[in-house]
Amino acid sequence: MILIEEILVSNDIGDVEFSCNLNVCKGACCTAGDFGAPLDAEEIEIISSSLSTIRPFLSEESVAVIEEIGVSTLYPEIKKQGTPLLKNGACVFLMTSNDISLCVFEYLHDKGKLHFKKPLSCHLYPIRIEENEQTGFIAVNYDEWDICKAARVKGKNLSMPLFEFAEEAIRRKFGDGFYDQLKATLDHLKEKG
């Protein structure tokens, strides 16, 4: 583990090579799993206020689920609010393009139609943040999942460490200073072998 600004960072963040390969996985991280993407209160508010923009890009089933339970639901097992899921386990905020599942937020953000890129938990993935509000403990870990095998192969081919793949998201969560210290530390450790 590495300690940066009182935050514990798993060595995997620098050791694992990773780069999403949507052409192979087809966005499986948004269609599989036991829970929706964790959301904080600010994200829930942003999503709620963006419904009129995103609604035309969602399936009828997604719209029906959102109308029934809202833009988030409580997952008691993880004690967090998250995006609702469809009956098949997919996130309600998915759209499909060329047989690839895409996040509706990211799609509209990239088109300049939405300021919100996507939930931070999705933006960081496969990095997971563990926070204990009572103690102030924060840990940054790599979540290895079989469906991301193609991303590890692509990352290895590109020689792209996970922290570089997730740079934008890490900066969004922790700030530029944290990322710069993390990069300097991981680069130094790599040089030392």
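Quick summary incoming for the structure in this document. (Residues numbered from 1 in each chain as written. Predicted model: local features only at pLDDT ≥ 70, side-chain atom pairs only at ≥ 80, totals over all residues. Heavy atoms only, no water.)

## Here we look at the pairing of strand β6 (residues 100-103)
Point 1. In the sheet, strand β5 (residues 94-97) pairs with β6 via four bridges, with the strands oriented antiparallel. The residue of β6 that forms the bridge with L94 is C103. (Pairing = 2+ DSSP bridges. Helix = DSSP H or I, 4+ residues; strand = E, 2+ residues; numbered from the N terminus.)

## Some points on the sheet that holds strand β1 (residues 2-4)
Point 1. Strand order in the open sheet made by the four strands is β1-β2-β8-β7, with mixed pairing throughout. The open sheet has two free edges, formed respectively by β1 and β7 (127-132), since each of these has just one partner strand. The sheet shows a mean angle of 25° between the axes of neighbouring strands, taken without regard to direction.
Point 2. For β7 and strand β8 (residues 137-142), the ladder comprises six bridges, and the chain directions are antiparallel. Bridge assignment links N132 to a residue of β8, and that residue is F137.
Point 3. The strands that helix α10 (residues 167-174) touches are β2 (7-9), β7 and β8; relative to β7, the one it contacts most, it runs at about 15°. (Axes fitted to C-alpha atoms, helices over the stretch in contact; angles between N-to-C directions. Contact = heavy atoms within 4.5 Å.)

## Points about the nonpolar core
Most often, soluble globular proteins have nonpolar side chains that are buried together.
Point 1. Grouped together as the largest cluster of nonpolar side chains are 27 residues, with contacts concentrated most on V9, I13, I127, I170 and L182.
Point 2. Those elements that provide at least two residues to this core are β1, β2, α7 (120-124), β7, β8, α9 (162-165), α10 and α11 (176-192).
Point 3. Sort the elements by how many residues they give to this core and α11 lands first, with four residues.
Point 4. The contact partners of I13, leaving out residues within four places of it in the chain, are I127, V140, N141, Y142, L162, F163, L182 and L186. (Core = buried A, V, L, I, M, F, W, Y, C linked by side-chain atoms within 4.5 Å. Buried < 20%, exposed > 50% of the residue type's maximum accessible area, 1.4 Å probe, protein only.)

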